[in-house]
Amino acid sequence: MSRMVFCRKYQQEMEGLDAPPYPGPKGMDVFENVSKQAWGEWLKHQTMLINEKHLNMMDMTARTYLSEQMEKFFAGDDYDAADGFVPEKD
């Protein structure tokens, strides 16, 4: 049986992650408040940001930037997209 969480992004009860995505309090916060679907969408968006903005993940500034964008993504705030990015229409 899958674990259910109240997803911060979608504001509804959804399937949760199987384990925290990384250690520490922030990882536990994601584990307890973000759905598996929202996390998967964030990973795709994060990859796009890293590639399109040529982020160096060894640079703390880039890591801080991604952390801030992740918070905005899950909170439903405006978050950065890649330059010239146009989302697909369903």
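Further up the page is the structure itself.
Student: Residues and numbers for the overall build of the protein, please.
Tutor: Along its length, the protein carries three helices and two strands. Traced from its N-terminal end to its C-terminal end, the protein shows the element sequence β-β-α-α-α. Across the 90 residues in the protein, those meeting the buried criterion constitute 27%. Put simply, of all contacts in the protein between residues at least 6 apart along the chain, 44% involve residues at least 24 apart. Total accessible area computed for the protein in this model is approximately 6,200 Å², and 53% of it derives from carbon and sulfur atoms.

Student: Describe in detail the layout of surface pockets, supporting the description with residues and values.
Tutor: The computed volume of the second largest pocket comes to approximately 250 Å³. Taken together, Tyr22, Lys26, Trp39, Trp42, Leu43, Gln46, Met57, Met60, Arg63, Leu66, Ser67 and Met70 make up the lining of the second largest pocket. Listing elements by their share of the lining of the second largest pocket, those giving two or more residues are helix H2 (36-52) and helix H3 (60-75). The element best represented in the lining of the second largest pocket is H3, accounting for five residues. Along the lines of polarity and charge, the residues of the lining of the second largest pocket split into eight nonpolar, two polar and two charged.

Student: Tell me about the pairing of strand S1 (residues 4-7), and name the residues and values.
Tutor: Strand direction decides the pairing type here: S1 and strand S2 (residues 12-15), joined by four bridges, are antiparallel. The partner of Phe6 across the bridge, within S2, is Glu13. Two successive antiparallel strands, S1 and S2, enclose a turn made up of four residues, where Gln11 displays a positive phi of approximately 55°.

Student: Describe unusual backbone geometry, naming the residues involved and giving the relevant values.
Tutor: With a phi close to 55°, Gln11 is a non-glycine residue in the positive phi region. Position of Gln11 among the secondary structure elements: in the loop between S1 and S2. The class for Gln11 is exposed, based on a relative accessible area of 52%. Its identity is not glycine, yet His54 carries a phi of approximately 55°, on the positive side.

Scoring rules and cut-offs
- Residues numbered from 1 in each chain as written.
- Predicted model: local features only at pLDDT ≥ 70, side-chain atom pairs only at ≥ 80, totals over all residues.
- Heavy atoms only, no water.
- Helix = DSSP H or I, 4+ residues; strand = E, 2+ residues; numbered from the N terminus.
- Buried < 20%, exposed > 50% of the residue type's maximum accessible area, 1.4 Å probe, protein only.
- Contact = heavy atoms within 4.5 Å.
- Areas by Shrake-Rupley, 256 points an atom, 1.4 Å probe, with all protein chains shown as cover.
- 1 Å grid on protein atoms, 1.4 Å probe; cavity = no way out; pocket = protein on both sides within 12 Å on 5 of 7 lines; lining within 4 Å.
- Points joined across faces, edges and corners; volume = space filled by probe spheres on them.
- Nonpolar A, V, L, I, M, F, W, Y, C, P; charged D, E, K, R; others polar.
- Pairing = 2+ DSSP bridges.

Shape is all these values report; function is a separate question.
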